[in-house]
Amino acid sequence: QVQLVESGGGLVQAGGSLRVSCAASGRTFSNYNMGWFRQAPGKEREFVAAISWSGGSTHYADSVKGRFTISRDNAKNTVYLQMNSLKPEDPAVYYCAAPLAPRGPGIGVDKRQYNYWGQGTQVTVSS
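Heads up: these notes are all about the structure in this document. Remember, it's a predicted structure, so these values are computed and weren't measured experimentally.

Some remarks on the packing of aromatic side chains
(1) Moving on: Counted according to the given criterion, the structure contains 4 aromatic pairs.
(2) Moving on: Seen in terms of ring centroids, phenylalanine 37 and phenylalanine 47 are 5.7 Å apart; in terms of plane orientation they differ by 75°. Their pairing is edge-to-face. With a gap of 10 residues between them, phenylalanine 37 in strand β4 (residues 34-39) and phenylalanine 47 in strand β5 (residues 46-51) connect regions that are remote in the sequence.
(3) Moving on: On the basis of relative accessibility, which here comes to 1%, the residue phenylalanine 37 falls in the buried class.
(4) Moving on: Judged by relative accessible area, which is 12%, phenylalanine 47 ranks as buried.
(5) Moving on: Against the face of tyrosine 32 rests arginine 27, its NZ or CZ located 3.4 Å from the ring centre.
(6) Moving on: Across from the ring centre of tryptophan 53, 4.1 Å away, lies the NZ or CZ of arginine 103, which sits over that ring.

Here's the deal with the state of the cysteines
The bond known as a disulfide is covalent and runs between the sulfur atoms of two cysteines.
(1) Moving on: With the rule as written, the count across this model stands at 1 disulfide.
(2) Moving on: Between cysteine 22 and cysteine 96 runs a disulfide, and the two sulfur atoms are separated by 1.9 Å. Every disulfide takes its handedness from the sign of the S-S torsion; for cysteine 22 and cysteine 96 that torsion is 45°, giving right-handed. Of this pair, cysteine 22 sits in strand β3 (residues 18-25) while cysteine 96 sits in strand β9 (residues 92-98), and the two are 74 residues apart along the sequence.
(3) Moving on: What makes cysteine 22 buried here is its relative accessible area of 0%.
(4) Moving on: Using a relative accessible area of 0% as the deciding quantity, one classes cysteine 96 as buried.

Comments concerning the environment of asparagine 31
(1) Moving on: Tracing the sequence through the fold places asparagine 31 in the loop between β3 and β4.
(2) Moving on: Classification of asparagine 31 by relative accessible area gives partly exposed; the value is 21%.
(3) Moving on: Linking asparagine 31 and alanine 50, residues 19 residues apart in sequence, is a C-alpha distance of 14 Å.
(4) Moving on: If we skip the residues at most four places from it in the chain, asparagine 31 touches Trp53, Pro102 and Arg103.

Criteria and thresholds
Residues numbered from 1 in each chain as written. Predicted model: local features only at pLDDT ≥ 70, side-chain atom pairs only at ≥ 80, totals over all residues. Heavy atoms only, no water. Phe/Tyr/Trp six-rings, centres within 6.5 Å; stacked < 30°, edge-to-face > 60°. Helix = DSSP H or I, 4+ residues; strand = E, 2+ residues; numbered from the N terminus. Buried < 20%, exposed > 50% of the residue type's maximum accessible area, 1.4 Å probe, protein only. Lys NZ or Arg CZ within 6 Å of the ring centre and 35° of its normal. Disulfide = S-S within 2.5 Å. Contact = heavy atoms within 4.5 Å.

Any functional reading would require information beyond the geometric quantities listed.
Shown next as structure tokens:
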């Protein structure tokens, strides 16, 4: 059974940095693309970043491009999201997600392309 567990959320000042992590278990982590999404109160869950199974390709939402970095450590079965220059519009619950199929040909940006989700970790930005 696939399990995704996020950690590392918290409170940070605007302009600050935070790194959230997602530990995966239940299957061979290195075979699957991974994604990060976020959901603010009253809003739809939105794509943030994704990384290919090898780590060789990444994709970002325009709103975070240049500020956030997704990475993975396949030896530790963990995917990370480094968030720098945090803005007042970034607070949300951040979720990591994984698709059903291994080694997908493209990096999914639509939440419907992901089948497994973590419980989320709250990120709060103070101004």
